[in-house]
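Here is what each chain is made of, one letter per residue.
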Amino acid sequence: RSARARGCPLHLAVLAGADDPPPVSAVIEAAEGVVLTSLQEGFGLPYLEAASAGRPLVARALRNVLPDLISLGLQAPVTYDDVRVPTDIFHAAAERRRCHTLWERWRSALPDEARELAAEPPSMISPAGLADFSRLTLTAQEEVLSRADDDLACALTEVNPELALWSRAGGDLPAAGLDEKAREALSPERFAEKFFAAAAAADSSVLPDDGASVRVLRAFLADRLRGPNLYPLLMARDT
């Protein structure tokens, strides 16, 4: 919607309508680079797909995924935590109210058990007067993007110096990759070995008590519904 309103030359669903669409791996191999802006990832396949193809990758450093992949041998030299935005380029007071109302509406629709565990997302505004772009609603994001291009680029570069470095690098950004340890550790054969080893090591004679599954589920929900894991874009019905 924002792209159409601003006339951005985006080509979404580039494979739509193709009789014999190429696999994702072929599309990535043909790309100049890969940009990963996910709010959440379950396994982190986009990191591995870009690395397998040896393409430049600019990616969010998702804390529930990236450290594990790097420990296995993923090489992802160009990552960022978030894009910081000065709060004077959008209506911050209105955005605070909007975020709280959105969270309350989303929380009220949860089952009772989950509603008790759902924390409110952290404040989007830091003491330095900056906000993480990912923690803004779509309305505030559109406010930011509606700024004149030169003004927006100047404002963002001032508080995100890495943007200037990436811009100057142009097509020379370093590629993501997998070392030999990663290729072996992430192979289907290695996954199968670890699965069967874990199954064999389990003591089938010791059965969990009746409430074990409920406790595991509750612990999982409590972790997933912590404030830092919640984003307005994931709570809004239109996104």
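Heads up: the structure comes first, above all this text.
The rules behind the values
Residues numbered from 1 in each chain as written. Predicted model: local features only at pLDDT ≥ 70, side-chain atom pairs only at ≥ 80, totals over all residues. Heavy atoms only, no water. Helix = DSSP H or I, 4+ residues; strand = E, 2+ residues; numbered from the N terminus. Buried < 20%, exposed > 50% of the residue type's maximum accessible area, 1.4 Å probe, protein only. Contact = heavy atoms within 4.5 Å. Areas by Shrake-Rupley, 256 points an atom, 1.4 Å probe, with all protein chains shown as cover. Lys, Arg positive; Asp, Glu negative; His and termini not counted. Charge placed at Lys NZ, Arg CZ, Asp CG, Glu CD. Pairing = 2+ DSSP bridges. Axes fitted to C-alpha atoms, helices over the stretch in contact; angles between N-to-C directions. Salt bridge = Lys/Arg side-chain N within 4 Å of Asp/Glu carboxyl O. Polar contact = N/O pair within 3.5 Å; in protein donor to acceptor, adjacent residues only side chain to side chain. Phe/Tyr/Trp six-rings, centres within 6.5 Å; stacked < 30°, edge-to-face > 60°.

A.B. asks: Can you walk me through the overall build of the protein in this structure?
C.D. replies: Helix and strand content of the protein: 13 helices and 7 strands. Principal-axis analysis of the C-alpha atoms gives the protein an extent of 65 × 45 × 40 Å. Here the protein holds 239 residues, and 34% of them are scored as buried. Partitioning the intrachain contacts of the protein with sequence separation of at least 6 by distance along the chain shows that 67% fall at a separation of at least 24. In the structure as shown, the protein presents an accessible area of about 15,000 Å², 57% of it carried by carbon and sulfur atoms. In the protein, which carries 25 positive and 35 negative side-chain charges, the distance between the mean positions of the two groups comes to 6 Å.

A.B. asks: How should I be thinking about the sheet that holds strand β4 (residues 79-80) in this particular structure?
C.D. replies: Within a sheet, adjacent strands bond to each other through the backbone by hydrogen bonds, running parallel or antiparallel. Taken in spatial order, the 3 strands make up an open sheet running β1-β2-β4, and their pairing is parallel. Each having just a single partner strand, β1 (34-36) and β4 make up the two edges of the open sheet. Where helix α3 (residues 45-53) meets the sheet, its contacts fall on β1 and β2 (57-60), and the angle it forms with β2 comes to roughly 165°.

A.B. asks: Honestly, the pattern of salt bridges in this entry has me stumped. Any pointers?
C.D. replies: Close approach of charged atoms lets side chains of opposite charge pair. All chains considered together, the criterion is met by 11 salt bridges. With a shortest N-O distance of 2.7 Å, R98 and E95 are connected by a salt bridge. One end of the pair is R98 and the other is E95, both in helix α5 (residues 92-108) and 3 residues apart, which spans about a single turn. For R98, a relative accessible area of 26% corresponds to the partly exposed category. The exposure class assigned to E95 is buried, which follows from its relative accessible area of 0%.

A.B. asks: What am I meant to see in the environment of P23 here?
C.D. replies: Examined against the element boundaries, P23 turns out to sit in the loop between α1 (2-6) and α2 (24-30). Through-space distance from the C-alpha of P23 to that of S205 is 45 Å; in sequence the pair is 182 residues apart.

A.B. asks: Would you mind going over the side chain of S38 with me for this structure?
C.D. replies: For S38, the location among the structural elements is in the loop between β1 and α3. Looking at S38, its side chain comes within polar contact range of the side chain of E41, at 2.7 Å. If sequence neighbours within four positions are ignored, S38 has contacts with R60 and L62.

A.B. asks: Even after reading the chapter, I still don't get the packing of aromatic side chains, so can you show me in this structure?
C.D. replies: For any pair of aromatic rings, geometry is given as the distance between the ring centres together with the angle between the planes. Following the criterion strictly, the structure yields 3 aromatic pairs and no others. Both rings, one in F43 and one in F191, keep their centres 6.2 Å apart while their planes meet at 55°; by these two values the pair is tilted. Taken together, the positions of F43 in the loop between β1 and α3 and F191 in helix α11 (residues 188-201) put the pair 148 residues apart, joining distant regions of the chain. What makes F43 partly exposed here is its relative accessible area of 41%. Classification of F191 as partly exposed rests on a relative accessible area of 41%. Both rings, one in Y80 and one in W166, keep their centres 5.9 Å apart while their planes meet at 65°; by these two values the pair is edge-to-face. Within this pair, whereas Y80 is found in strand β4, its partner W166 is found in helix α9 (residues 161-169), the two being separated by 86 residues in sequence. Look at Y80 and you get buried, because its relative accessible area is 10%.

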